[in-house]
Every structure is written in structure tokens, then in C-alpha cells.
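The primary structure of each chain is shown beneath.
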Amino acid sequence: NRNKTKSGENGEKRDGTFHLQNPHLERMDEDVLYHLGLNTTSHNFVEMFGDVKFVCMGGTANRMETFAYYLLDVLGLKLPTGTTLIDISRNSHRYSMYKVGPVLSISHGMGVPSIGILLHEIMKLLKYAKVKDPVLFRIGTCGGIGVEGGTIVISEDAVDGLGSSYFQVPVLGKIVRRPAVFDKELIEELKDCVDPKDSYKTVTGITLCADDFYEGQGRLDGAFCDYTEAEKMEYLHKLKDQGVVNFEMEALVFAALTHHAGIRAADVCVACLDRLKGDQV
Ligand code: R2B
């Protein structure tokens, strides 16, 4: 029910539609969303996805299928007896996508390149479907930093392993830097959902988006490790003092590409463990 007051900062327009800043798309007769197993010739995107309001993304296909069934329940929708939900992207063998009412539940794999490819294709899908004012969520897992396992972490900001809050990607041999910004209003809306009676804690803070699960997150248990446990702990405590509450591997590109398109997005992850207490999940 949000009243839209701002417009055009990035790709977002006053009527809720958004503009992808790519003039080449207008000139294409057909667009193959290769990793989603869809194309604009064989599939009617407006009919299939025109009513989408939320896109929820998480790492694994299995989890996002489970989430889709959970949504059926939450939204009070019933499948005809003897039928099941269908993985719309099953032919791609890359990501899995389920649609339940106005929600898409999609797996994004692990890391920035994987979710980055998905974001390009999902944002095009939403554009071709003429979806207005969609909201994207990453509902993933993470490692807490001074945050107990089972805690929900809402990302206020995303930084890379060097502390930069830009998604940096080489394009045509040069680095392109895009600011990684989450929608502050959406973060507040999510915080308002927190119920003191929840059986888990919810915290907010800075998310460190690493390019690796082991050395990139200061673990001691990878195949290689050139630092001591004391050095690891010093690093983790330094991060904590800087307001970093969790490690994951997608936030930077997620915040940057959605912000660039003017699409509201939030990263809401459950901590699998507190990294101040160990490395193994
Ligand atoms: C959380 O979990 C995955 C690594 O195990 C990665 O996708 C992430 O961000």
C-alpha cells in the first residue's frame, strides 16, 4: 500500500513501472532468458507473470520449492487435487522457479555471479510482463558475526571484503562501479513486522558480501589457510565493531542491480551459526 512519491532516481517511474537502462532491448525481436528456460516468442510473459508483486530468492532449488508450498498455505490457496507446483524453469536445469499467486519463489545458486545472472533475467522478465512496482527479497542463509544461529538478519547496507559498498564489475576491460543500496523504507517496513513474541531474534546491520565461503570469510577449515586463529578472531571482532553483523555471498550485486533499476529490494537472511563461535555449519 505504499504511496509512491519519488520518481526517476534510477530506473523507477512515477506509475510504478521501471525502466531497464538498455536501449538494445527495444531493438530485439525476441529475448531468450536462457537460464530461466523462457523466451518472449514462446511464452506470454504478461499472461504468465503480469500479476507478480513479490520475487523471493534463496540459494537452493529445494528450499525455494518448500517455500512455494509454504506460500500456498499462507496465502490460503489450494492446488487442484492430485496436482503439484511446477518448476517453471525446469528446462533450463539452472535455476528453479515456482509461482504462487503474486509471488515468484526462485533459487539463485551461490555467490555474486550466479545471482547476478538471475537478476538480469528476472528484471527483464518483470519488464516484459509489465509488472509494476515489484519487490524483490533474498531470503537466504548467512553466518552471523556476534549473532546467534537462528537469528534473522536484515541487511541495512552491503560491503565487499575490502569494505567498499560498491558492486564492481569489469565491463569492456574497465571497472564499472555501481552503488549497493537497499531501500531504507522497505527495511523499516520489515522491522515493523518484528513481533516481540517471535521465537527468534531479528537484527539489522551491515552485511559483508564475500566472494568465497572459506578464506574469504576468515574460516580456518578450508583447503588452504595462511592465517592464525588469533588473526581470524581479530578480523571478526574488527568487523563486528564496524557494525558488520553477517557474512553472505550475494548482497552486493543484489543491492546494486535492483537499485540501478529502481526496484525495491531487501536481503533477509537466517544466521546458520555465530562465526565468533566457530566455522563449521
Ligand atoms: C549463504 O550460503 C551460501 C554458502 O553456503 C551462499 O550462497 C550464501 O550467501
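In this text the structure is predicted, and so the values were computed from the model without any measurement. (Residues numbered from 1 in each chain as written. Predicted model: local features only at pLDDT ≥ 70, side-chain atom pairs only at ≥ 80, totals over all residues. Heavy atoms only, no water.)

J.: Account for helix 7 (residues 251–261), with residues named and values stated.
T.: Owing to its 3.6 residues per turn, the α-helix brings residues three or four apart onto one side. Judged by how many residues are buried, helix 7 sits mostly within the fold: 10 of 11 residues are covered. Those residues of helix 7 that fall on the buried side of the exposure criterion are Ala-251, Leu-252, Val-253, Phe-254, Ala-255, Ala-256, Leu-257, Thr-258, His-259 and Ala-261. Looking at the residues trailing helix 7, positive phi occurs at Gly-262, about 75°. (Buried < 20%, exposed > 50% of the residue type's maximum accessible area, 1.4 Å probe, protein only. Helix = DSSP H or I, 4+ residues; strand = E, 2+ residues; numbered from the N terminus.)

J.: Requested: an account of the site of the ligand, with residues and values cited.
T.: In the neighbourhood of the ligand, the contacting residues comprise Met-110, Arg-138, Thr-141, Phe-213, Glu-248, Met-249 and Glu-250. Met-249 has a polar backbone atom sitting 2.8 Å from an oxygen atom of the ligand. One of the side-chain N or O atoms of Glu-250 is found 2.6 Å from an oxygen atom in the ligand. Burial of the ligand by the protein amounts to 82% of the accessible area it has alone, namely 260 Å². (Near = heavy atom within 4 Å. Polar contact = N/O pair within 3.5 Å; in protein donor to acceptor, adjacent residues only side chain to side chain. Areas by Shrake-Rupley, 256 points an atom, 1.4 Å probe, with all protein chains shown as cover.)

J.: Provide a residue-level description of a nonpolar patch on the surface, including the pertinent values.
T.: Residues Tyr-70, Val-74, Leu-75 and Leu-77 make up a contiguous nonpolar surface patch of about 370 Å² in total accessible area. Position of Leu-77 among the secondary structure elements: in the loop between helix 3 (61–74) and strand 4 (97–100). (Patch = residues over 30% accessible without salt bridge, like charges linked within 9 Å, V, L, I, M, F, W, Y side chains within 5 Å. Salt bridge = Lys/Arg side-chain N within 4 Å of Asp/Glu carboxyl O.)

J.: Please give an account of the pairing of strand 7 (residues 141–144) that cites residues and values.
T.: As paired strands, strand 7 and strand 13 (residues 264–274) are joined by four bridges and run parallel to one another. Across the sheet, residue Gly-144 finds its bridge partner in strand 13, namely Asp-274. (Pairing = 2+ DSSP bridges.)

J.: I'd like a rundown of the nonpolar core, residues and numbers included.
T.: Ranked by internal contacts, the top residues of the largest apolar core, which has 62 residues, are Phe-49, Met-97 and Leu-125. Ranked by the residues each element gives to this core, the list is headed by helix 4 (residues 112–128), at nine residues. Discounting chain neighbours no more than four positions away, the residues touching Leu-125 are Leu-33, Leu-36, Leu-38, Phe-45, Phe-49, Met-97 and Leu-104. In terms of nonpolar packing, the next biggest core, distinct from the first, is built from 10 residues, Val-159, Leu-208, Leu-239 and Val-244 among them. (Core = buried A, V, L, I, M, F, W, Y, C linked by side-chain atoms within 4.5 Å. Contact = heavy atoms within 4.5 Å.)

J.: Give a detailed account of the packing of helix 4 against helix 7, specifying residues and quantitative values.
T.: Packing of helix 4 against helix 7 leaves a shortest axis separation of 9 Å and a crossing angle of 20°. The angle between the axes of helix 4 and helix 7 places the two elements in the roughly parallel class. Relative to helix 7, the crossing made by helix 4 is right-handed. Contact residues: Val-112, Ile-115, Gly-116, Leu-119, His-120 and Met-123 in helix 4; Val-253, Phe-254, Leu-257, Thr-258 and Ala-261 in helix 7. Broken down by class, the residue content of the contact of helix 4 with helix 7 amounts to eight nonpolar, three polar and no charged. (Axes fitted to C-alpha atoms, helices over the stretch in contact; angles between N-to-C directions. Parallel < 35°, antiparallel > 145°, perpendicular 65-115°, else oblique. Left-handed = near helix turned anticlockwise from the far one by under 90°. Nonpolar A, V, L, I, M, F, W, Y, C, P; charged D, E, K, R; others polar.)

J.: Any details on the state of the cysteines? Residues and values, ideally.
T.: Scanning the entire structure with this criterion turns up zero disulfides. Distance from the sulfur of Cys-272, which forms no disulfide, to the nearest cysteine sulfur (Cys-142) is 6.8 Å. (Disulfide = S-S within 2.5 Å.)

J.: So, the pairing of strand 5 (residues 103–107): which residues are in play, and what are the values?
T.: Where burial is concerned, most of strand 5 is hidden: five out of the five residues are buried. Residues Val-103, Ser-105 and Ser-107 point to one face of strand 5 and Leu-104 and Ile-106 to the other, with burial holding for every one of them. Sheet topology note: the strand 3 (residues 54–58)/strand 5 ladder contains five bridges and is parallel. Across the sheet, the residue bridging to Val-55 is Leu-104, located in strand 5. Linking strand 4 back to strand 5 in an antiparallel pair, the connection comprises two residues, with Gly-101 at a positive phi of about 55°.

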